[in-house]
Amino acid sequence: MALMTEMLENRPGGPRTPDPRLLAECLRACAECAQVCNACADACLAEEMVADLADCIRIDLDCAGICATTSAVLSRTGTTGPATASLLHACIAACAACAEECQQHASMHQHCRICAEACRRCLNACEKLLLSLG
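Thresholds, definitions, all that
Residues numbered from 1 in each chain as written. Predicted model: local features only at pLDDT ≥ 70, side-chain atom pairs only at ≥ 80, totals over all residues. Heavy atoms only, no water. Helix = DSSP H or I, 4+ residues; strand = E, 2+ residues; numbered from the N terminus. Rg over C-alpha atoms; globule rule 2.2 N^0.38 Å. Buried < 20%, exposed > 50% of the residue type's maximum accessible area, 1.4 Å probe, protein only. Contact = heavy atoms within 4.5 Å. Areas by Shrake-Rupley, 256 points an atom, 1.4 Å probe, with all protein chains shown as cover. Lys, Arg positive; Asp, Glu negative; His and termini not counted. Charge placed at Lys NZ, Arg CZ, Asp CG, Glu CD. Polar contact = N/O pair within 3.5 Å; in protein donor to acceptor, adjacent residues only side chain to side chain.

Draft legend 1. Region of interest: the overall build of the protein chain. Across its full length, the protein chain carries five helices and zero strands. Starting at the N terminus and ending at the C terminus, the protein chain contains elements arranged as α-α-α-α-α. Radius of gyration (C-alpha) of the protein chain: 15 Å, near the 14 Å computed for a compact globule of 134 residues. Principal-axis analysis of the C-alpha atoms places the extent of the protein chain at approximately 55 × 25 × 20 Å. Scored against the burial criterion, the 134 residues of the protein chain give a buried share of 43%. Partitioning the intrachain contacts of the protein chain with sequence separation of at least 6 by distance along the chain shows that 67% fall at a separation of at least 24. Summed over all atoms, the accessible surface of the protein chain reaches about 7100 Å², with 58% contributed by carbon and sulfur. The averaged location of the 16 negative side-chain charges in the protein chain is 10 Å from the averaged location of its 10 positive side-chain charges.

Now the structure itself:
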């Protein structure tokens, strides 16, 4: 996170956010969540009862895509972009849905427990950034 904060603070014209540390934390959480959700979907595909995990796989992949997009756009626009609030709301919703779905399987599949945790972290980081925008 230190490098991302440093990058945000040293952008020509200054950071495009009132709090570069909150933005950097959100970017890190979104990128990590995207990776974890993709890995969870892959792990679900390797389970014996894969058909029982079809909804989980779909939600994992949706969350991964939304988190990756949120991270990519916010790393370019900071919090000054026209879609910032909408992206954060979408990311929060996707992470909430994924955390809820994965939590249902967490006692049987450690990858789902890990994914639910990553989603909750990302949701919290997005909420903090959104609140900081006023």
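Having seen the structure, we can now continue with the description.
Draft legend 2. Representation of the side chain of T79 within the structure. Summarising the element assignment, T79 is placed in the loop between α3 (54-77) and α4 (84-105). A distance of 3.0 Å separates polar atoms of two side chains, one belonging to T79 and the other to T17. The contact partners of T79, leaving out residues within four places of it in the chain, are R16, T17, P18, L23, T84, L129 and L133.

Interpretation in functional terms is not warranted from these geometric data alone.
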